[in-house]
Amino acid sequence: MTCATLAAGAALAPAQAAAAPVRGPSITAKGGFVMNAGTGTALYGKAADRRLPTGSTAKIMTAHVVLAQKNLDLDAKVTVQMAYSDYIVAKTASSARLIVGDKVTVRQLLYGLMLPSGCDAAYALADTYGTGSTRQARVKSFVGKMNAAATNLGLKNTHFDSFDGIGNGKNYSTPRDLTRLANQAMKNPTFRAIVKTKSTKQRVTTKKGGYRDMKWSNTNKLLGTYRGAVGVKTGSGPEAKYCLVFAATRNGKTVIGTVLASSSEANRNADAAKLLDHGFRK
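Worth saying up front: this structure is predicted, and the values here are computed from it rather than measured. Sequence order sets the numbering: in each chain, residues are counted from 1 along the sequence as written. Under the rules for a predicted model, residues below a pLDDT of 70 receive no local features and side-chain atom pairs below 80 are neither given nor counted, while totals for whole chains, interfaces and linings still include all residues. To get the side-chain values, all heavy atoms of the structure are used, and hydrogens and water are removed first.

Attention now goes to the overall build of the chain. By the criteria applied, helices consist of DSSP H or I runs no shorter than four residues and strands consist of E runs no shorter than two, each listed in order from the N terminus. Looking only at helices and strands, the chain has nine helices and eleven strands in total. The principal-axis extents of the C-alpha atoms in the chain amount to approximately 95 × 35 × 35 Å. Each of the 282 residues in the chain was classed as buried or not, and the buried ones make up 50%. For the chain, the accessible area works out to roughly 13200 Å², and carbon and sulfur atoms hold 52% of it. Note on classification: 1.4 Å probe, protein chains only; a residue is buried when its accessible area is under 20% of the maximum for its type, exposed when over 50%, partly exposed between these limits. Each accessible area is a Shrake-Rupley result for a 1.4 Å probe, and residues are judged covered by the shown protein chains and nothing else.

Put into structure tokens, the structure is as follows:
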């Protein structure tokens, strides 16, 4: 080999090293995806288009559908029905602890939906914003709106069969689809304000006209523990395992992503932190 050849090889080496891609982190979740929220550029994917159960991350779509209603009045009051309470008991579901007969505003229901992941709040919203002469018809209508919204957003690997993620095995999405959904939802200022809230106290009207203070804490533990975290929604269940749609903003850059079917709550949070770190490095 000539000296000229050696010199050429030496000159190529740094360029090749510089072009080497940043390796993605190792996560325990079955699926993961992260992207730049501003540009939509994908920054990492692991089984990004694999259909997996959503758990309560489906409630992102519940909130998105409500907030997309024409002439929405966030201060309109909804009376809590016995059916919402019965549903929680029957499903052993996560609850906002709504009290039958209380009058709760739509805005408050959204807090109850997204912070403690209240399936009773989800039911109340579906019953209110679905159409039909019976509760069953209204719920079916609302779930139809969720699926129509998924279609309109181009989420081809997403389907809902319930308003809260508790369904008959047909609530599924992918890390990429849920990230795209959340990124769209985060464009709404009310949604953004709610999902970044660690805890809240909301005063509601009781059946007798008095007042009751409801206190809700966010199930998303990245808030307050990961610098710049601004949302979005947890999910869990026997089939879904541990899921998290997450977002954080640093120095004007927002990174958003999803992990589905992680093996524990701790691993779910660790997976999300790894993907956020990776996203901010890219």
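The next point concerns the confidence of the model for the chain. Summary statistics for the chain give a mean pLDDT of 93 and a share of 92% for residues scoring 70 or more. Per-residue confidence from the predictor is reported as pLDDT, which spans 0 to 100. Residue contacts are defined here by distance: any two heavy atoms, one from each residue, within 4.5 Å place the two residues in contact. For the stretch residues 1-21, pLDDT sits under 50, and the model shows one contact to residues farther than four places along the chain or on other chains.

This part covers the sheet that holds strand β10 (residues 241-250). In a beta sheet, neighbouring strands are held together by backbone hydrogen bonds and run either parallel or antiparallel to one another. Taken in spatial order, the five strands line up as β2-β1-β11-β10-β9 in an open sheet, and their pairing is antiparallel. The sheet is open, and its two borders are formed by β2 (42-46) and β9 (229-237), each paired with just one other strand. For this sheet, the mean angle separating the axes of adjacent strands, direction not counted, is 5°. Most of the contacts of helix α9 (residues 265-281) go to β10, to which it runs at about 35°, and overall it touches β1 (31-36), β2, β9, β10 and β11 (253-262). The criterion for strand pairing is that DSSP finds at least two bridges linking the strands in question. In this analysis an axis means a line fitted to C-alpha atoms, helices contributing only their contacting stretch, and an angle means the value between N-to-C directions, from 0 to 180 degrees.

We now examine the pairing of β2. Note that β1 and β2 share four bridges and pair antiparallel. Note on β2: the bridge partner recorded for G32 is K46. Between β1 and β2, which follow one another and run antiparallel, lie five residues, and G40 among them has a positive phi close to 80°.

On to the nonpolar core. Nonpolar cores were defined as sets of buried Ala, Val, Leu, Ile, Met, Phe, Trp, Tyr and Cys residues, with membership established by side-chain atoms within 4.5 Å. In this structure, I60, L110, M114, F191 and V232 are the most contacted members of the largest nonpolar core, which totals 65 residues. Top element by residues in this core is helix α5 (residues 119-129). It accounts for eight residues. Not counting residues up to four positions away in its chain, the partners in contact with I60 are M114, L181, A182, A185, F191, V232, K233 and V245. Residues L43, Y44, L223 and F246 belong to the second largest nonpolar core, which totals 19 residues.

Examined against the element boundaries, D127 turns out to sit in helix α5. Side-chain atoms alone can form a polar contact between residues adjacent in sequence; in general such a contact is a pair of N or O atoms within 3.5 Å, and within protein one must be able to donate a hydrogen while the other accepts it. Within the structure, the side chain of D127 is placed 2.7 Å from the side chain of Y84, a separation counted as a polar contact. Beyond its immediate sequence surroundings of up to four residues, D127 is in contact with Y84, R135 and R138.

Together, K77, K103, K207 and K208 make up a positively charged patch on the protein surface. Within the secondary structure, K77 sits in strand β4 (residues 77-79). By relative accessible area, which is 52% here, K77 ends up exposed. Like charges within 9 Å and nonpolar side chains (Val, Leu, Ile, Met, Phe, Trp, Tyr) within 5 Å are joined into patches, using only residues over 30% in relative accessible area that form no salt bridge. Any carboxyl oxygen of Asp or Glu that lies within 4 Å of a side-chain nitrogen of Lys or Arg is treated as forming a salt bridge with it. Think of it this way: Lys and Arg go in the positive column, Asp and Glu in the negative one, and His and the chain ends go nowhere. A single reference atom marks each charge: NZ on Lys, CZ on Arg, CG on Asp, CD on Glu.

Okay, the packing of aromatic side chains next. Note on aromatic pairs: the rings of Phe, Tyr and Trp (six-membered ring only in Trp) are paired at centre separations within 6.5 Å, and the planes decide the class, stacked below 30 degrees, edge-to-face beyond 60, tilted for the rest. With the rule as written, the count across this model stands at four aromatic pairs. The interplanar angle of 50° and the centroid separation of 5.3 Å between the aromatic rings of Y87 and F163 together place this pair among those described as tilted. Placement of Y87 in helix α3 (residues 82-91) and of F163 in the loop between α6 (135-152) and β6 (172-173) is noted, with a sequence separation of 76 residues between them. Across the pair, F163 and Y87 agree in class, each one buried.

Before going further, it helps to examine unusual backbone geometry. Backbone phi values are negative for most residues with the exception of glycine, while trans is the configuration of most peptide bonds. Cis rather than trans, the peptide bond between G231 and V232 has omega equal to 20°. Within the secondary structure layout, V232 lies in strand β9. Notably, N251 is not glycine yet its phi reads approximately 50°, a positive angle. Along the chain, the position of N251 falls in the loop between β10 and β11. Looking at N251, the relative accessible area reads 84%, which means it is exposed.

Before going further, it helps to spend a moment on helix α4 (residues 106-114). Most of α4 is tucked away: eight of the nine residues are buried. Inspection of α4 places V106, Q108, L109, L110, Y111, G112, L113 and M114 among the buried residues, and these make up the whole buried set.

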